[in-house]
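The residues making up each chain are set out below.
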Amino acid sequence: MNGRIRYRVLLAAALFAAAAGGLAAQGLTVSGLLDSTVSARAGAGDAPAFSYGLEEYAGLRFQAKARDKAVVYGAVNLIAAAGNAAVNTALAGLYQGGPRPGLSPSAFSGGENYVAGLELERLYFRVNGEYLDFDGGLTRLPFGYGQVWGPSDFLNPKNPLYPDARPRGVLGGVLAWYPAESLKVQGFGAAPRDPFAAGGQGALAGLAVDRHGTKASFQALYAFEAPRDGSPRGIHRVGMSLKADLELGLTVDALYAYNPQAGMDLDGLSLSAGFDYSFFGGKLIVLAEYLYNGGYSSTSVRGGGAGGLSHRNYLYGGLTWMVNDYTSAGLALLAGVDDLSCVPILSLSRDLFQGCTLSLAGQVPLDRDLFTGSGEGGELGPESAGGYFNFSGRVRLRF
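Residues numbered from 1 in each chain as written. Predicted model: local features only at pLDDT ≥ 70, side-chain atom pairs only at ≥ 80, totals over all residues. Heavy atoms only, no water.

K.L.:
Honestly, the overall build of the protein chain in this entry has me stumped. Any pointers?
P.N.:
On a plain count of helices and strands, the protein chain comes out with 4 helices and 19 strands. Of all 399 residues assigned to the protein chain, the portion counted as buried reaches 42%. Pairs at least 24 residues apart make up 52% of the contacts formed inside the protein chain by residues separated by at least 6 positions. Looking at the protein chain as shown, the accessible area adds up to about 20,600 Å², and 62% of this sits on carbon and sulfur atoms. (Helix = DSSP H or I, 4+ residues; strand = E, 2+ residues; numbered from the N terminus. Buried < 20%, exposed > 50% of the residue type's maximum accessible area, 1.4 Å probe, protein only. Contact = heavy atoms within 4.5 Å. Areas by Shrake-Rupley, 256 points an atom, 1.4 Å probe, with all protein chains shown as cover.)

K.L.:
Would you mind going over the pattern of salt bridges with me for this structure?
P.N.:
Opposite charge on two side chains permits them to pair, given that their charged atoms come into close proximity. Under the defined criterion, the tally for this structure stands at 10 salt bridges. Notably, a salt bridge pairs Arg-122 with Glu-121, separated by 3.7 Å at the nearest N-O pair. Glu-121 carries the same exposure label as Arg-122, and that label is buried. Put simply, Arg-61, Glu-121 and Arg-122 are held in one network by salt bridges that share partners. (Salt bridge = Lys/Arg side-chain N within 4 Å of Asp/Glu carboxyl O.)

K.L.:
Can you help me understand the pairing of strand 3 (residues 70–83) in this one?
P.N.:
For a regular strand, the rule is simple: side chains alternate between the two faces of the sheet. Most of strand 3 is tucked away: 10 of the 14 residues are buried. Looking at chain direction, strand 2 (residues 50–66) and strand 3 are connected through 14 bridges and run antiparallel. Opposite Gly-59, over in strand 3, you have Asn-77 as the bridge partner. (Pairing = 2+ DSSP bridges.)

K.L.:
Looking at this structure, how should I read the packing of aromatic side chains?
P.N.:
For any pair of aromatic rings, the description rests on two quantities: the centre-to-centre distance and the angle between the ring planes. One pass over the structure, following the stated rule, counts 7 aromatic pairs. Ring centres 5.8 Å apart and planes at 45 degrees place the aromatic pair Phe-125 and Phe-134 in the tilted group. Accessibility expressed as a relative area gives 33% for Phe-134, which makes it partly exposed. Look at Phe-279 and Phe-280: their rings are 6.3 Å apart centre to centre, the planes differ by 45 degrees, and that puts the pair in the tilted class. These aromatic residues form a ring-pair network of at least three members: Tyr-277, Phe-279, Phe-280 and Trp-321. Looking at Arg-302, its charged tip hangs above the ring of Tyr-296, at a distance of 4.4 Å from the centre. (Phe/Tyr/Trp six-rings, centres within 6.5 Å; stacked < 30°, edge-to-face > 60°. Lys NZ or Arg CZ within 6 Å of the ring centre and 35° of its normal.)

K.L.:
Help me understand the pairing of strand 12 (residues 249–258), please; the structure alone is not making it clear to me.
P.N.:
Sheet analysis places strand 11 (residues 235–245) next to strand 12, joined by 10 bridges and oriented antiparallel. Residue pairing for strand 12: Ala-244 is matched across the bridge by Leu-250. Taking the residues between adjacent antiparallel strands as the criterion, strand 11 and strand 12 are bridged by 3 residues. Where strand 12 and strand 13 (residues 269–279) come together, 8 bridges link them in antiparallel fashion. Looking at the pairing, Asp-253 lines up with Ser-272 of strand 13.

K.L.:
So what exactly am I meant to see when it comes to the environment of Leu-309 here?
P.N.:
Relative to the helices and strands, Leu-309 resides in the loop between strand 14 (284–293) and strand 15 (313–322). In this structure Leu-309 comes out as buried when scored by relative accessible area, which is 7%. Excluding anything up to four places from it in sequence, Leu-309 contacts Trp-149, Leu-291, Asn-293, Thr-299, Ser-300, Val-301, Tyr-314 and Glu-379.

K.L.:
Whenever I open this one, the side chain of Ser-241 confuses me. Can you help?
P.N.:
Along the chain, the position of Ser-241 falls in strand 11. By relative accessible area, Ser-241 is classed as buried at 0%. Apart from the residues lying within four places of it in its own chain, the contact partners of Ser-241 are Gly-144, Tyr-145, Gly-146, Ser-152, Ser-217, Phe-218, Gln-219, Val-252 and Asp-253.

K.L.:
Looking at this model, I keep getting lost on unusual backbone geometry. Mind explaining?
P.N.:
For residues other than glycine, phi is negative in most cases, and the peptide bonds are mostly trans. Unlike most non-glycine residues, Phe-280 shows phi in positive territory, near 55 degrees. With respect to the helices and strands, Phe-280 occurs in the loop between strand 13 and strand 14. At Leu-340, a residue that is not glycine, the phi angle is positive and equals roughly 55 degrees. Within the secondary structure layout, Leu-340 lies in the loop between strand 16 (327–336) and strand 17 (341–353). Given a relative accessible area of 55%, Leu-340 falls into the exposed group.

K.L.:
What am I meant to see in the side chain of Thr-357 here?
P.N.:
Tracing the chain through its elements places Thr-357 in strand 18 (residues 356–363). At 2.9 Å, the side chain of Thr-357 forms a polar contact with the side chain of Asp-351. Sequence-distant contacts of Thr-357, that is, excluding residues within four places in its chain, are made with Ser-349, Arg-350, Asp-351, Leu-352, Arg-394, Val-395 and Arg-396. (Polar contact = N/O pair within 3.5 Å; in protein donor to acceptor, adjacent residues only side chain to side chain.)

K.L.:
Would you mind going over the confidence of the model for the protein chain with me for this structure?
P.N.:
Detailed reading of predicted coordinates is not advised where the pLDDT is low. Looking at the protein chain, pLDDT values average 87 and 86% of them are 70 or higher. Considering only residues more than four positions removed or in separate chains, one finds that residues 93–106, a stretch of pLDDT under 50, has 44 contacts. (pLDDT = per-residue confidence, 0-100.)

K.L.:
Would you mind showing me how to read the environment of Leu-250 here?
P.N.:
Counting through the fold element by element, Leu-250 comes out in strand 12. Leu-250 sits in the partly exposed class, given a relative accessible area of 35%. Apart from residues no more than four positions distant in its own chain, Leu-250 is found in contact with Leu-242, Lys-243, Ala-244, Gly-274 and Phe-275.

K.L.:
Would you explain a nonpolar patch on the surface in this entry?
P.N.:
Together, Phe-125, Val-127, Tyr-131, Leu-132, Phe-134, Leu-175 and Trp-177 give the surface a local cluster of nonpolar side chains, amounting to about 640 Å² of exposed area. Elements represented by at least two residues in the nonpolar patch include exactly strand 5 (115–128), strand 6 (132–139) and strand 7 (170–180). Here Phe-134 lies in strand 6. (Patch = residues over 30% accessible without salt bridge, like charges linked within 9 Å, V, L, I, M, F, W, Y side chains within 5 Å.)

K.L.:
Can you help me understand the environment of Ala-44 in this one?
P.N.:
Here Ala-44 lies in the loop between strand 1 (29–43) and strand 2. Accessibility expressed as a relative area gives 5% for Ala-44, which makes it buried. On a C-alpha basis, the gap between Ala-44 and Gly-387 in space is 4.4 Å, while along the polypeptide they are 343 residues apart. In this structure Ala-44 touches Pro-382, Glu-383, Gly-386, Gly-387 and Tyr-388, once residues within four positions along its chain are discounted.

Shown next, in the form of structure tokens:
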């Protein structure tokens, strides 16, 4: 094991322990979860014909009151992985279940049969007032009501192939004002995506307004990203999101990113629209959503979206069957309309006892080349996914 890497991991753990110990006097509460996961893959392309992985993941959450008005929050992720899980972890980061680009390889230490890492996920404080709240630090700044892709949530991009992935945090702050019971106004700011941009290139500031009614909620959003390489005049983002609880649960979520340097037209637009509905007293839940993905939008690979989508039109449909109070089964399909590729997703979840859940999931990437041998591989097909079949089994303990 590299001595410098080991030192960094141990130092981070020691600092976390010291912080937790110091906060204990203020009424520290700790919670979290522990995931034990086994995965297997039938490889495609350059991947091995068969590979497996083992992963042990823990997410620790703590909070403590700081006198009467403020609360301190924190979260730390720890992971040990082997096999293909170790490869995915080292490349993608610690956020469970999904890609997390940008995490330095120095965050990991290697042993004889595993790699391990520790990452700070949240560390922020909240000050509560009668009409004003302020959050500052490493926190999440969520936007919009989209359920599958969430175009407005450009700082915390989603990927439906990794539904359990933790939303990433940003270093910044948000001031929330409540002028009326159903109205919230937020002013927010965040550090640049490049943490070494000492001159503030790419820093973010914006405003969001939420209006909540008995049947519908609406959010309007504006954000400005300061000039940086590739956008010397900055980037303007304007968005809106709507959810309505009628006979159907309806959602519309859109964000337009305008770079004056590029003049992108519809390339800057990401728009999703969908619905959910339940049958048989809530036992069967249906969810469907459409996405238009502009070439430089918040859900595209060039726009920084977690899904790395490169085509225009996508569909998602899912069914969840609540077998009983302890068991549920799911079937979903993510489809790329433009190249006729898709990924069926199967899942099964069972509560073994209070605080313990067993989950099974499988994904089968499909495209035209798989059936016709035409060489027309799709964006969601086996070559892109690195496998003809991906399976995972997980036991989760909550504490």
